[in-house]
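Residue-level listing of the chains:
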Amino acid sequence: MQGANKKSSEWWRGATLYQIYPRSFQDSNGDGIGDLNGIRARLDEVKALGVDGIWVSPFFKSPMKDFGYDVSDYKDVDPMFGTLEDFDAMVADCHERGIKVVIDLVLSHTADVHPWFKESRSSRDNDKADWFVWAEPKDDGTPPNNWLSVFGGSSWEWDSRRRQYYLHNFLASQPDLNFHNRDVQDAVLNVARFWLERGVDGFRLDTINYYFHDQKLRSNPPATKSGANTVPAVNPYGRQKHDFDKTQPENIDFLKRFRSLLNEFDAFAVGEVGDEERSLQTMADYTSGPDLLQMCYSFELLGTQFNPDHIRNTVEGFFKVAKDGWPCWAFSNHDVERHVTRWAGHDEEQDVAKFCIALLASLRGSLCLYQGEELGLTEAVLTFEQLQDPYGIRFWPDFKGRDGCRTPYPWDAKAQNAAFTDGKPWLPVSPEHLPQALTQSSDDAGSVLNHYRTVLKARNASPCLLSGSLDFVENGSAILAFERANDNERRLCVFNFASIKERYAIPEPFNGAEFDHVFTRGVSVEKGELVIEPFGYAMLKL
């Protein structure tokens, strides 16, 4: 496997995961929707990138109202993606290539057509009556408190059969499971065991801090500051301080149960910590010590802020509160606008794309890349009529949703639908993505794709970058500088975030040190100073 100097039991430490959004990766049967056999067909391209494993977004049976994040059967593959046999073959193909398989478990909620919810809503005294979060209305018939859904409106939905409200933190068709019920915990642990026994190497745990709610159903207070800056301003969800609808202390004990199961299989998990004011502390709470999760990630680096202070405060802030914890860093995923669009001007996109992978690969922690970022893809522009995402449809035009980062992967600019499908794609292939298609990028020595490959290969070969310490050093307003070190090596990393040239005085003992040319771009030396071009960077080695 890549980065073979990592112990097999801790392959995830310093590893790079590649997130595959199956619907948009590769279609193998012409129905316009990507599938598991499509992933299998492209594994050689994935391996060529230099990643350690893939994270596969949900492929379980689902009514697809939230595109697989609403599960109706946790132990089967939705027919649009294939079969369990196709899944087993995909795992075998990955392992044959030294690629680990991480799957996306959506445990905080189910689809409203899941058999568990059907039984739960049928009466107040059935065996699963308490498997979901039910509550009486106030005397005036309104919901029990002020909790809001991430997708807009109240997070409570009236059910005429039970004559009660049920909780849904997302769509009304995504009822929340009641993790205060031990039987629910046992059931979802059994789901995880099912997939571990099929050979998966780990899990990405969706909305991990949403598992438990406040049993007293206390209303949330107003927000005192914004969270991780990923909730659009048009969404009132960001106006609450989410003290009671998520991130409850009971979650710690459940995560210990989950880790115990992982240990049986020498598997790992990375948890997604949703928007909140204290997300770095929550990451620390969920990863500190050998009996909790191996990694978490939050949305600090998935927002609009792109400056040295924000990067430093986020990375330094995590290690300050989680001295023995381990983070996972990402700049893009299936829920946010692509980072090249968030952070670059129109003429800077390719420079920013190369800058960002060099920065990400220089940080202490594990990495997660989102399909297409290795091509330098921007956010696709769609019309309202082309939208599929209910989040975007709800808040259009002020917020256009998540479809712009989910359009089909462009494999070959000269092929029909960029070789994604022979049919009509579920979302249109973006015309502006065609010049960066994989086939064309592979043939271009200066492409973002070849830059990613070179950077990841160099990171995988460096124990210092994979697991060494990280210490920030003083820098200017546009310069981020830090040292990476282990017993054998020291590296100084310097990044210019500005759109203008900047100078940086080389500190001792790095004056005259050798450059790592893979991690150096747009830099010259004059009289003991680095002269760094816009979005340039340097790495010096001792």
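What you see is a predicted model, and the numbers here were worked out from it, not measured in a lab. (Residues numbered from 1 in each chain as written. Predicted model: local features only at pLDDT ≥ 70, side-chain atom pairs only at ≥ 80, totals over all residues. Heavy atoms only, no water.)

Asker: Talk me through the pattern of salt bridges; I want residue IDs and the actual numbers.
Answerer: Should the charged atoms of two oppositely charged side chains come close, the side chains can pair. Going through the model one piece at a time under the given rule, you end up with 32 salt bridges. The salt bridge involving R204 is made with D206; its shortest N-O contact spans 2.8 Å. Look at D206 and you get buried, because its relative accessible area is 5%. The salt bridge involving E533 is made with K501; its shortest N-O contact spans 3.5 Å. One end of the pair, E533, is in strand β20 (residues 529-541); the other, K501, is in the loop between β16 (490-496) and β17 (502-505), and 32 residues separate them in sequence. Taken together, the salt bridges that share partners define one network made up of D66, D335, D389, R402 and R406. (Salt bridge = Lys/Arg side-chain N within 4 Å of Asp/Glu carboxyl O. Buried < 20%, exposed > 50% of the residue type's maximum accessible area, 1.4 Å probe, protein only. Helix = DSSP H or I, 4+ residues; strand = E, 2+ residues; numbered from the N terminus.)

Asker: Please provide a residue-by-residue account of the packing of aromatic side chains, values included.
Answerer: As enumerated under the stated definition, the model contains 48 aromatic pairs in all. When the ring of F117 is compared with that of F132, the centres are 5.0 Å apart and the planes differ by 75°; the resulting orientation is edge-to-face. Of the two residues, F117 is situated in helix α4 (residues 115-122) and F132 in the loop between α4 and β6 (134-135); the sequence distance between them amounts to 15 residues. Classification of F117 as buried rests on a relative accessible area of 0%. When its relative accessible area of 1% is taken as the criterion, F132 is described as buried. Seen from their ring centres, F355 and F497 are 5.0 Å apart, and the 80° between their planes marks the pair as edge-to-face. Taken together, the residues F355 in helix α10 (residues 349-362) and F497 in the loop between β16 and β17 connect sequence positions 142 residues apart. Residues F355 and F497 agree in their burial class; the two are buried. Within the aromatic cluster, the residues linked to one another by ring pairs are F306, F331, W343, F355, F472, F482, F495, F497, F535 and Y537. Sitting over the face of the ring of W426, R23 holds its NZ or CZ atom 4.2 Å from the ring centroid. Over the aromatic face of W343 sits the side chain of R342, whose NZ or CZ is 4.7 Å from the ring centroid. (Phe/Tyr/Trp six-rings, centres within 6.5 Å; stacked < 30°, edge-to-face > 60°. Lys NZ or Arg CZ within 6 Å of the ring centre and 35° of its normal.)

Asker: Got a sec to walk through the pairing of strand β2 (residues 53-56)? Specific residues and values, please.
Answerer: The two faces of the sheet receive side chains in turn, since in a regular strand these alternate between them. Judged by which residues are buried, β2 turns out to be covered on both faces: G53 and W55 on one side and I54 and V56 on the other are all buried. Bridging between strand β1 (residues 16-20) and β2 involves four bridges; their strand directions are parallel. Bridge pairing links Q19 to W55 in β2. With four bridges joining them, β2 and strand β5 (residues 100-105) adopt parallel strand pairing. Bridge pairing links G53 to K100 in β5. (Pairing = 2+ DSSP bridges.)

Asker: Any details on helix α5 (residues 182-197)? Residues and values, ideally.
Answerer: With 16 residues, α5 ought to run about 22 Å at 1.5 Å a step, and its terminal C-alpha atoms sit 22 Å apart, in line with that. Among the residues of α5, V184, Q185, A187, V188, L189, V191, A192, F194, W195 and L196 are the ones counted as buried. The backbone nitrogen of D183 has a side-chain oxygen 2.8 Å away, supplied by the residue at the start of α5, namely N181. (Expected span 1.5 Å × (residues − 1). Polar contact = N/O pair within 3.5 Å; in protein donor to acceptor, adjacent residues only side chain to side chain.)

Asker: Kindly report on unusual backbone geometry, identifying the contributing residues and their values.
Answerer: Most peptide bonds are trans, and most residues other than glycine sit at a negative phi. Put simply, W396 and P397 share a cis peptide bond, and its omega is 0°. Its location among the elements puts P397 in the loop between α11 (390-395) and α12 (438-442). Following E508, the chain continues to P509 via a peptide bond in cis, the omega torsion being 5°. Mapped onto the elements of the fold, P509 is located in the loop between β17 and β18 (514-515). Of note, F67 is a non-glycine position whose phi angle comes to about 55°, a positive value. Among the secondary structure elements, F67 is positioned in the loop between β3 (60-61) and β4 (73-77). With a phi close to 55°, R163 is a non-glycine residue in the positive phi region. Looking at the element boundaries, R163 is found in the loop between β7 (156-159) and β8 (164-167).

Asker: Give me the packing of helix α7 (residues 279-287) against helix α8 (residues 308-321): which residues, what numbers.
Answerer: Contact geometry for α7 and α8: axes closest at 9 Å, N-to-C directions at 40°. Viewed along their axes, α7 and α8 adopt a mutual orientation that is oblique. α8 is crossed by α7, and the crossing has right-handed handedness. In contact with L280, Q281, M283, A284 and T287 of α7, α8 contributes N313, T314, G317, F318 and V321. Of the residues in the contact of α7 with α8, the class split is five nonpolar, five polar and no charged. (Axes fitted to C-alpha atoms, helices over the stretch in contact; angles between N-to-C directions. Parallel < 35°, antiparallel > 145°, perpendicular 65-115°, else oblique. Left-handed = near helix turned anticlockwise from the far one by under 90°. Contact = heavy atoms within 4.5 Å. Nonpolar A, V, L, I, M, F, W, Y, C, P; charged D, E, K, R; others polar.)

Asker: An account of the environment of E514 is needed here, citing residue identities and associated values.
Answerer: Locating E514 in the fold gives a position in strand β18. Considered as a pair, E514 and R491 are 23 residues apart in the sequence and their alpha carbons are 9.7 Å apart. Beyond its immediate chain neighbours, meaning those up to four positions away, E514 contacts M539, L540 and K541.

Asker: If you had to explain the sheet that holds strand β10 (residues 268-272) to someone new, which residues and values would you point to?
Answerer: Spatially, the eight strands line up as an open sheet ordered β11-β10-β9-β5-β2-β1-β13-β12, and their pairing is parallel. Among the strands making up the open sheet, the edge pair consists of β11 (295-297) and β12 (328-329). In the sheet, β10 pairs with β11 via three bridges, with the strands oriented parallel. Counterpart to E272 in the pairing with β11 is Y297. Against the sheet, α10 contacts β12 and β13 (366-370), and its axis sits at roughly 150° relative to β13.

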